[in-house]
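Analysis of the macromolecular model
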Amino acid sequence: MHPDGSAEDSNVADSDTGAIPPGRTSNIPAEDPEAEMGAAEDGAGDPAPQRTDGGSREGPSDRPTQGEGDAHPARPPRKKRSIKQTSSPSGKQADAAENPQDAGLDKEKEEHERKAPADSPQGEQRFRRRQKETDEEKGEAKTNKPQKEKNDDEQRQKENKTEEEQEDPKKDLCRNDSCIRLKKELGLLDSVGLIMGNIIGSGIFMSPRGVLEYSGSVGMSLVIWVASGFVSMVGALCYAEMGTMIPQSGSHYTYLLEAFGPLPAFLYVWLVVTIQFPCSRAIVSLTFANYIVQPFFPGCAETPEAARKLIAIAVLLFLGWVNTRRVRWATTVQDVLAFTKVFALIIIIITGTHYLVRSGAESYENAFDGTNWHPALIATAFYHTLWAYDGWDSCNMIVEEMKDPYRNLPRAIAISLTFVTLIYVLTNVAYFGVLSPGEILSSEAVAVTFGQRALGVMAWTIPIFVACSTGGGINGSIFGSSRLLFVSARRGHLPKVLSLVCVENYTPVTSLFFLVLISLVPFITADIRVLVNYTAFAGNLVAVGTSAAFLWFRYRQPDRHRPIKVWIGFGILELLMALFLVVFPAVREPVQMAVALGIVLTGLLVYYVTQHRQVASPKLDTFMAKVTYVCQMLFVAVHEERSD
């Protein structure tokens, strides 16, 4: 028996006979044609010895033979081996483990070929075979090397990703540029330009009339402008703390959601979608149109309403398109317009200061005569100034797109609000240095009236500068507000179709399109002051909730990491100011406030149906799925890729 327990080879001669079957020089079959050739040339040479049961080798004279009449069972075929398997050391070892007898034959054959002369046929065949094996091994190694390196890189990336997930499971690992998501493209300069461009809009050119009307005197109106700048700075610092503590886009929405849950956050979204965003866009765009049209109708008390509305709609559509194309396009437009509006205000300040010095400050004699001290009137005046300062939370809306938000967010807020407050106060001083209180109250466009009185032949430049200023305000508000809609849709508080990202430009294209559409609704009215009251009331309601969220975080999460931490008194002051601005104007104009509150309360019903009960409507789901599909095809957009 063989060591592996198999039956002995049937070709081994029987022990009773010593004959070898006719036609065979050896009882061991040749392994290949080369071996047969070698055996024929050697003639009656010694055949290769064969292993017996005891493992010894037998000579020709001792080999048993088999008679012709004996049964000669066929030898089972051996497994075919390729040249690669034969030449490979691992292949030889595996085959030898399978068939020990073949291993001995291979060794004997190699020894025989090695002793053959180089010029003999066996030597030449050996040389060609070895050359072929070497070429094949080189080709295989060359082919497998790139694949092996690729596999090693993939394995290394998987290991690194696994390690990062183990270190921080909530960490967003989708950081490469191939991900379809909003990119971090805004630096410190872009952030400052965004905030200043968003704050300095139509407010500084339109609000002086309303502030003077409700405050009653020049001195009180300037005090309100200074106090509004201080209140805005306090609120901005509180937002800077929350923005660095929760580095997510969405501003008020994100903070309300983190502090009080989904209901207040949903009501905020409902409020801004139905009142704040449409009205504020309409106000600014109508102001832009008014300053564009007014120079063409110098003798008319009012400009044509149809012309104003058409121009306002056109600028909304154009800036909405710019924001859908590229983030860099929108920020470049914002930076250029911010510089233009600051330059225009500097011209007004220099000119007004010159007139003020020359006139001996006659406008400021008895500056507080006629002041209205009623709290409701003072609160309404604050409405107009705070609306002019509105926009300092622009960077909180787009934190996820800022580079190093922990440093750039508080810096951008501090730099922007300091310059804006200084410019606003000096601009109002310049207005009162040239125009009397009566002229300001009778003017629809204070800056244009100022230019006609002070600049002479260069008065035509003021409407252009004002139009650029208001255009920058529209662009900045569209840029920031669309991110709020995008974030709320991503969290399920708005239809998912609004969370699509353009695969070519990485912009929230559907949110921008929806924002422009709802901004066209308020054009059914031309009374801008009514829109200001609606917008300011909605904004102060939100400010109450966000100020309460700031204090809630301090009370419930005192040990939470805060890159910057402000005095808690600022949060208390911001909350008290917001409550003051909500309560007293409601007493003064209860009808308008009741309408605004009614719109807020309708959000409770919508939340109960869509979020709390989650009432499913197959027809509505099918319709929204079709809308989403159409938007994906139309805008070439998909949902954002996130790993968290």
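Presented here is a report on the structure given in the accompanying data block. What you are looking at is a predicted structure, and each value in this text was computed from that prediction instead of being measured.

1. Thoughts on the overall build of the protein
Helices and strands together make up the secondary structure of the protein, namely 23 helices and 2 strands. For the protein, with 644 residues in total, the buried portion stands at 47%. Contacts in the protein between residues far apart in sequence, at least 24 positions, make up 79% of those at least 6 positions apart. A total accessible area of about 32400 Å² is found for the protein, and carbon and sulfur atoms account for 61% of it.

2. Here we look at the packing of helix α13 (residues 375–389) against helix α21 (residues 568–588)
As a packed pair, α13 and α21 sit with axes 8 Å apart at the nearest point and diverge in direction by 120°. You can see that α13 and α21 cross each other, and the crossing is left-handed. For the pair formed by α13 and α21, the contact residues are P375, A376, L377, A379, T380, F382, Y383 and L386 on the first element and M577, F580, L581, V582, F584, P585 and R588 on the second. When grouped by side-chain class, the residues that make up the contact of α13 with α21 number 13 nonpolar, 1 polar and 1 charged.

3. Here we look at the environment of S221
Looking at where S221 falls in the secondary structure, it is placed in helix α8 (residues 218–245). Placed 160 residues apart in sequence, S221 and A381 show a C-alpha to C-alpha distance of 8.0 Å. If sequence neighbours within four positions are ignored, S221 has contacts with V211, L212, S215 and F432. Within the structure, S221 has its side chain in polar contact with the backbone oxygen of V218 (distance 2.6 Å).

4. Comments concerning the nonpolar core
With 136 residues, the main nonpolar core has F205, Y268 and Y424 as its most contacted residues. Ranked by residue count, the leading element in this core is helix α10 (residues 262–293), at 16 residues. Apart from the residues within four sequence positions on either side, Y268 is in contact with H252, Y253, L256, Q276, M397, L484 and V542.

5. Thoughts on the pattern of salt bridges
Side chains bearing opposite charge may pair, as long as their charged atoms lie close to each other. Summed over the entire model, instances satisfying the criterion amount to 9 salt bridges. In this structure, R560 and E258 form a salt bridge, with 3.9 Å as the shortest nitrogen-oxygen distance. A residue pair is termed long-range when its members are at least 10 positions apart, and R560 in the loop between α20 (528–556) and α21 and E258 in helix α9 (residues 252–260) qualify at 302 residues. A residue is classified by how much of its surface remains accessible, and R560, at 29% relative accessible area, is partly exposed. Put simply, K309 and E305 hold a salt bridge, and the shortest N to O gap is 2.9 Å. Here the residue K309 and the residue E305 both occupy positions in helix α11 (residues 305–325), the gap between them amounting to 4 residues, near one helical turn.

6. A word on helix α22 (residues 590–612)
In this model α22 runs 31 Å from its N-terminal to its C-terminal C-alpha over 23 residues, within 8% of the 33 Å that 1.5 Å per residue would give. At V606, α22 shows its strongest bend, of approximately 30°. Taken from the residues just after α22, Q614 is the one with a positive phi, measuring 50°.

7. What to know about the packing of helix α7 (residues 203–215) against helix α15 (residues 405–434)
Closest axis-to-axis distance for the α7/α15 pair is 11 Å, and the angle between their directions is 65°. Overall, the two elements α7 and α15 adopt an arrangement that is roughly perpendicular. At the point where α7 passes α15, the crossing takes the right-handed sense. Facing I204, F205, P208 and L212 of α7, the residues of α15 in contact are Y424, T427, N428, Y431 and F432. Of the residues contributing to the contact of α7 with α15, the split by class is 7 nonpolar, 2 polar and no charged.

Cut-offs used in this document
Residues numbered from 1 in each chain as written. Predicted model: local features only at pLDDT ≥ 70, side-chain atom pairs only at ≥ 80, totals over all residues. Heavy atoms only, no water. Helix = DSSP H or I, 4+ residues; strand = E, 2+ residues; numbered from the N terminus. Buried < 20%, exposed > 50% of the residue type's maximum accessible area, 1.4 Å probe, protein only. Contact = heavy atoms within 4.5 Å. Areas by Shrake-Rupley, 256 points an atom, 1.4 Å probe, with all protein chains shown as cover. Axes fitted to C-alpha atoms, helices over the stretch in contact; angles between N-to-C directions. Left-handed = near helix turned anticlockwise from the far one by under 90°. Nonpolar A, V, L, I, M, F, W, Y, C, P; charged D, E, K, R; others polar. Polar contact = N/O pair within 3.5 Å; in protein donor to acceptor, adjacent residues only side chain to side chain. Core = buried A, V, L, I, M, F, W, Y, C linked by side-chain atoms within 4.5 Å. Salt bridge = Lys/Arg side-chain N within 4 Å of Asp/Glu carboxyl O. Expected span 1.5 Å × (residues − 1). Bend = angle between axes of the 7 residues up to and from the residue. Parallel < 35°, antiparallel > 145°, perpendicular 65-115°, else oblique.

Read these as layout, nothing more, since geometry by itself doesn't imply function.
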